[in-house]
Amino acid sequence: MKSKEVLSVFTVAIMIGTIFNGVTSDSGKNTLNLFLKTRKYENSLNEPNLADNLADDQLDQYQNETGGGGILCGWWKWAQSFKPSLDILTRVVILIGKQGVLGNITVSIRRLLNGPDLVSVSKTSSQIPTTPVWIEFDFADLNVIPGETYYIVASTTGGDNQNNYYLLYGSGEDVYENGDAWIGWNQGTNWEIWTPEFDFCFRTYGRIGENISDPPAQPARPSGPSTGFTGISYTY
């Protein structure tokens, strides 16, 4: 799943006048201005402004490398596949910025890309700054199967790919071994791995669930007198 050769070009877009310094692929997908090369943020963005370990969850899967990003508007969806190692997923954090005005951003978890949302959380455009920052999407605890593939799916309404969009930051190449960045054409109807391959900046958190099939522990046998009289207290 390593990257093919990447060429930085200035391209006349099909749907817009001019685009940023983009990355093109063999299929010419980036003539629609979907992927941007960004500068690398070495230190300030390596750690989200959140506790890695809360009282009831811990960091599980993550990818922190920057150098690129996917433009998100209402015309398509983006997804990042991952494989959890914990059996309860509690929240995800993604590195995101914004330009212009557009609708809410929704982050959901799916088992299949064309399947239903298992959980989802939405945030308004006003909650997303123009500069890149780690944003938490905290949803109801979700039981997952460790080692199986799940998808973090990002979607929105409105906007365009030139002046009004969310920028989901990611790596400039394929660096996360347990998943890939996916593009969902036609509002997420048709999915494919983006090429040249890269990975979004994300963090998943979770915890180990209780095995409800295990019987409760046997209580210790109390010690003390085995007989007594009414009205008298005894210590055990």
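Enquirer: How should the pattern of salt bridges be read in this particular structure?
Expert: Considering all chains together, one arrives at 5 salt bridges under this definition. The salt bridge involving Arg91 is made with Glu136; its shortest N-O contact spans 2.6 Å. Placement of the pair is Arg91 in strand E7 (residues 88-99) and Glu136 in strand E10 (residues 133-143), with a sequence separation of 45 residues. Looking at Arg91, the relative accessible area reads 2%, which means it is buried. Residue classification places Glu136 among the partly exposed positions, given a relative accessible area of 26%.

Enquirer: So what exactly am I meant to see when it comes to unusual backbone geometry here?
Expert: With the exception of glycine, the majority of residues adopt a negative phi angle, and the majority of peptide bonds are in the trans configuration. The omega torsion of the bond from Thr195 to Pro196 falls at 0°, within 30 degrees of zero and hence cis. The residue Pro196 is located in the loop between strand E14 (190-193) and strand E15 (202-207) in this model. In the Ramachandran plot, Gln187 falls in the positive-phi region, its phi being about 55° despite a non-glycine side chain. With respect to the helices and strands, Gln187 occurs in helix H1 (residues 185-188). Residue classification places Gln187 among the partly exposed positions, given a relative accessible area of 46%.

Enquirer: What is the right way to look at the environment of Thr195 in this model?
Expert: Checked against the element boundaries, Thr195 lands in the loop between E14 and E15. What makes Thr195 partly exposed here is its relative accessible area of 21%. Taking the C-alpha atoms as reference points, Thr195 and Asp174, 21 residues apart in sequence, are found 9.6 Å from one another.

Enquirer: Please clarify how the pairing of E15 should be interpreted in this entry.
Expert: Consecutive side chains of a regular strand alternate in pointing toward one face of the sheet and then the other. Burial of E15 is extensive: 5 of the 6 residues sit out of reach of the surface. Bridge analysis of strand E4 (residues 58-63) against E15 gives 4 bridges, and the strand direction is antiparallel. Bridge assignment links Gln58 to a residue of E15, and that residue is Gly206. In terms of strand pairing, E7 meets E15 through 6 bridges, oriented antiparallel. What sits directly across from Arg91, in E15, is Tyr205.

Enquirer: Sorry if this is basic, but what is going on with the nonpolar core here?
Expert: One recurring pattern in soluble globular proteins is that nonpolar side chains are buried together. Core analysis: the largest hydrophobic core is formed by 44 residues, its most contacted members being Trp78, Phe82, Ile96, Ile105, Ile109, Phe137 and Leu168. For this core, the element with the highest residue contribution is E7, accounting for 6 residues. Beyond its immediate stretch of four places on either side in the chain, Phe137 contacts Arg91, Val92, Ile94, Ile105, Val107, Val121 and Lys123. Core analysis: the second largest hydrophobic core is formed by 6 residues, Ala79, Tyr151, Trp182 and Trp191 among them.

Enquirer: Before we go on, may I ask you to explain the side chain of Lys98 in this structure?
Expert: In this fold, Lys98 is placed in strand E7. The buried charged residue Lys98 lacks any salt bridge, with Asp160 as its nearest oppositely charged partner at 14 Å. The contact partners of Lys98, leaving out residues within four places of it in the chain, are Ser125, Ser126, Ile128, Pro129, Thr130, Tyr165 and Tyr166.

About the criteria used
- Residues numbered from 1 in each chain as written.
- Predicted model: local features only at pLDDT ≥ 70, side-chain atom pairs only at ≥ 80, totals over all residues.
- Heavy atoms only, no water.
- Salt bridge = Lys/Arg side-chain N within 4 Å of Asp/Glu carboxyl O.
- Helix = DSSP H or I, 4+ residues; strand = E, 2+ residues; numbered from the N terminus.
- Buried < 20%, exposed > 50% of the residue type's maximum accessible area, 1.4 Å probe, protein only.
- Pairing = 2+ DSSP bridges.
- Core = buried A, V, L, I, M, F, W, Y, C linked by side-chain atoms within 4.5 Å.
- Contact = heavy atoms within 4.5 Å.
- Lys, Arg positive; Asp, Glu negative; His and termini not counted.

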